[in-house]
Amino acid sequence: MTATHVNGLAVVEDQPARSGISRPGVNVVLEQTRHLLLADGSEVYGCLHCNYTSENKHSIRPHLKKHKNRAEPRNPVKRRSSVTAAEPPNHREAARPPRRASETSGPAARDLASLNLGQLVERAQLAERMRSQRDTARTEAAAARRTAENWKEKAADYRKQWLEAKNRAERAEKRLAALRALLR
Ligand SMILES: [Zn+2]
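Residues numbered from 1 in each chain as written. Predicted model: local features only at pLDDT ≥ 70, side-chain atom pairs only at ≥ 80, totals over all residues. Heavy atoms only, no water.

Across its full length, the protein chain holds 4 helices and 5 strands. Overall, the protein chain shows an N-to-C arrangement of helices and strands of β-β-β-β-β-α-α-α-α. Evaluated residue by residue, the protein chain yields a buried proportion of 24% over its 184 residues. At a minimum sequence separation of 6, the contacts of the protein chain that also span at least 24 residues come to 50%. Here the protein chain has roughly 13,100 Å² of accessible surface; of this, 54% comes from carbon and sulfur atoms. (Helix = DSSP H or I, 4+ residues; strand = E, 2+ residues; numbered from the N terminus. Buried < 20%, exposed > 50% of the residue type's maximum accessible area, 1.4 Å probe, protein only. Contact = heavy atoms within 4.5 Å. Areas by Shrake-Rupley, 256 points an atom, 1.4 Å probe, with all protein chains shown as cover.)

Printed below as a string of structure tokens:
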């Protein structure tokens, strides 16, 4: 299970990490790499399967290999599900649609004059599909941006709360020290 505490700080938010290949309209996430928000507002990365964490997002993926090997002989059902959830296929899956759209946009405009009615209708439908894919991508990009902004706000909020709690603790500690000096 993913870490619930890191260096004594509680994990207050756990989300799949965003892949570096994400771009506007294509939000690729790494399900097995967790982006963790801690109670002091700091952020680390964690493993989906155990309490391993790191400040470096890229050190989670090599770590995931450990779980693959261990699960194999013992539990074949679990192994299958973890293979289908593996990260590289997810990347390809998520990144494919926009790439396909840009490949077809080139030839579509080239030789309109030589097309029959059926082909023209087909092109029109293709154009319509591409328009709707573009609109979907725009909507997704806007949603991803909102999520990122929300995360930033939360991190700032937790950091503020943590600093306030820390200040309260320090003031209490000082009062206690003053009291101790009096009793000495
Ligand atoms: Zn792990």
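This paragraph deals with the coordination of the zinc ion. At the metal site, the zinc ion is ligated by C47 (SG), C50 (SG), H63 (NE2) and H67 (NE2), and these contacts range over 1.9 to 2.3 Å. With 4 donor atoms in place around the zinc ion and angles of 102 to 119 degrees between them, the coordination shape is tetrahedral. Expressed as a motif, the donor residue spacing for the zinc ion is C-x2-C-x12-H-x3-H. You can see H63 and its partner H67 sitting in helix 1 (residues 60-74), 4 residues apart, about one turn around the helix. (Donors = N, O, S within 2.8 Å, 3.2 Å for Na, K, Ca; no water. Tetrahedral: all angles 85-135°; square planar, octahedral: opposite > 155°, others 65-115°.)

Let us look at a positive patch on the surface. A contiguous patch of positive charge, built from R168, R171, K174 and R175, is present on the exposed surface. Its place among the elements puts R168 in helix 4 (residues 117-183). (Patch = residues over 30% accessible without salt bridge, like charges linked within 9 Å, V, L, I, M, F, W, Y side chains within 5 Å. Salt bridge = Lys/Arg side-chain N within 4 Å of Asp/Glu carboxyl O. Lys, Arg positive; Asp, Glu negative; His and termini not counted. Charge placed at Lys NZ, Arg CZ, Asp CG, Glu CD.)

The next point concerns a nonpolar patch on the surface. A cluster of nonpolar side chains, contributed by L176, L179, L182 and L183, occupies part of the molecular surface with about 460 Å² of accessible area. Looking at the secondary structure, you find L183 in helix 4.

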